[in-house]
Amino acid sequence: MAKKVLFINQEINPYLPETAMSVIGRDLPHKAQEAGFEIRTFMPKWGNINERRGQLHEVIRLSGMNLVIDDTDHPLIIKVASIPTSRIQVYFIDNDDYFSKRRMAEDENGNEYTDNGQRAIFFARGVLETVKKLRWAPDLIVCQGWMSAVVPFYVKTAYHDEPAFANSKVAIALYPNQLKNILGENFKKCLEFREASAKLLKPYNDKFDLIELGKLAIDYSDGVIEGAAPITESLLKYAEDKQLPLMRYPGEDYGAAYADFFNKLI
């Protein structure tokens, strides 16, 4: 039976411009499928995504849930589209407050959003709740970019008893630092959910920047991927010191390297 791989992406081309992350977000699921894996792919519905051009449409049966973050209800909207070149289906996590009316990490004037941390939390929980609704249990979850970096923590704590994730392995793919500021003054408080408790967050700085977020992701992952270069060396050393399986940046022809690494983790 084919092993199931869930890709949780920050960026996917052609919905967003070409970057190292968006191109891998587009091509890696296709290569994994060609290598024999069964795949599902998620990303945020950033406000600068053209829904009409991308042919996104809402999936009513998956939408409608409210997620409580920082004591506020935030409706979860799920949309779907298919990448024209590969026919890979992409699920989009949407919400008026966090995504549809806003760009990615920063506004039109180049100012980072002060609630980027809450947006990452909403995205992570939105993906995991939707996968539960799909009744699809991934053998491996691959997280790409800072937006997906709280997923490993939630999979191993708040969702560890859920049948969909009870046996899932998690890999975090690290990319060059994309945020300058911390993820919001109350990020740690907002992270608390079910067994994802304040006690587990004590080892991390209260001012949660991307280095702290990277450490959190590595601590709760089963493997680490250098998704592009150059990565902050302190994070790669942190992963090495924990003796986690680590895949160094494999270069442009990466399909076989990723497939081997996935099989090694599963």
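For the structure, see preceding data.
The paragraphs below set out a description of the structure included in this document. Nothing here was measured: the structure is a model prediction, and the numbers come from that model.

## Regarding the overall build of the protein
1) Next: Counting its regular elements, the protein contains ten helices and eleven strands.
2) Next: In terms of C-alpha radius of gyration, the protein reaches 17 Å, essentially the compact-globule figure of 18 Å for 266 residues.
3) Next: Overall, the C-alpha framework of the protein stretches about 45 × 45 × 40 Å when taken along its three principal axes.
4) Next: Buried positions account for 56% of the 266 residues belonging to the protein.
5) Next: Taking the contacts inside the protein whose residues are at least 6 apart along the sequence as the reference set, 69% of them involve residues at least 24 apart.
6) Next: When the 33 basic and 37 acidic side-chain charges of the protein are each reduced to a single mean position, those positions are 4 Å apart.

## Brief notes about the packing of helix α8 (residues 210-219) against helix α9 (residues 233-241)
Relative placement of two packed helices is described by the angle separating their axes and the distance separating the axes.
1) Next: In the contact formed by α8 and α9, the axes pass within 10 Å of each other and the chain directions differ by 20°. As the angle between them shows, α8 and α9 are arranged roughly parallel. Helix-helix and strand crossings are classified by hand; for α8 and α9 the assignment is right-handed. Judged by residue contacts, I211, G214, K215, I218 and D219 of α8 engage S234, L235, Y238 and A239 from α9.
2) Next: Looking at the contact of α8 with α9 residue by residue, the classes come out as five nonpolar, two polar and two charged.

## Comments concerning the pattern of salt bridges
1) Next: In total, this model carries 19 salt bridges according to the counting rule given.
2) Next: As a salt-bridge pair, R26 and E18 come within 3.8 Å of each other at their nearest N and O atoms.
3) Next: Ionic pairing is found between K132 and E162, a salt bridge with its closest N-O pair at 3.2 Å. Linking K132 in helix α4 (residues 116-134) with E162 in the loop between α5 (151-156) and β9 (169-174), this pair joins segments that are 30 residues apart in sequence.
4) Next: Looking at E162, the relative accessible area reads 18%, which means it is buried.
5) Next: The network of salt bridges with shared partners includes K45, E51, K79 and D94.

## Examining the packing of aromatic side chains
1) Next: On inspection of all chains with the given rule, the structure shows 17 aromatic pairs.
2) Next: For the ring pair F153 and Y220, a centre distance of 5.0 Å and an interplane angle of 70° mean the geometry is edge-to-face. Of this pair, F153 sits in helix α5 while Y220 sits in the loop between α8 and β10 (223-226), and the two are 67 residues apart along the sequence.
3) Next: Residue F153 is classed as buried on the basis of its relative accessible area, which comes to 0%.
4) Next: With a relative accessible area of 15%, Y220 lands in the buried category.
5) Next: By way of ring pairs, the aromatic residues F153, Y154, Y159, F165, F193 and Y220 are connected into one cluster.
6) Next: We note R102 situated over the ring of Y113; from NZ or CZ to the ring centre the distance is 4.6 Å.
7) Next: Above the ring of F193, the side-chain terminus of R125 is found at 3.8 Å from the ring centroid.

## Looking at helix α10 (residues 255-265)
1) Next: Among the residues of α10, those classed as buried are Y258, A259, F261, F262 and L265. Seen along its axis, α10 keeps its buried residues to an arc of 165°; they face one direction. Away from its buried face by more than 90 degrees, α10 exposes A256, D260 and K264.
2) Next: Against β1 (4-9), α1 (20-34), β8 (140-144), β9, β10 and β11 (246-247) lie the buried residues of α10.

Rules behind the numbers
- Residues numbered from 1 in each chain as written.
- Predicted model: local features only at pLDDT ≥ 70, side-chain atom pairs only at ≥ 80, totals over all residues.
- Heavy atoms only, no water.
- Helix = DSSP H or I, 4+ residues; strand = E, 2+ residues; numbered from the N terminus.
- Rg over C-alpha atoms; globule rule 2.2 N^0.38 Å.
- Buried < 20%, exposed > 50% of the residue type's maximum accessible area, 1.4 Å probe, protein only.
- Contact = heavy atoms within 4.5 Å.
- Lys, Arg positive; Asp, Glu negative; His and termini not counted.
- Charge placed at Lys NZ, Arg CZ, Asp CG, Glu CD.
- Axes fitted to C-alpha atoms, helices over the stretch in contact; angles between N-to-C directions.
- Parallel < 35°, antiparallel > 145°, perpendicular 65-115°, else oblique.
- Left-handed = near helix turned anticlockwise from the far one by under 90°.
- Nonpolar A, V, L, I, M, F, W, Y, C, P; charged D, E, K, R; others polar.
- Salt bridge = Lys/Arg side-chain N within 4 Å of Asp/Glu carboxyl O.
- Phe/Tyr/Trp six-rings, centres within 6.5 Å; stacked < 30°, edge-to-face > 60°.
- Lys NZ or Arg CZ within 6 Å of the ring centre and 35° of its normal.
- Arc of directions from axis to C-beta.

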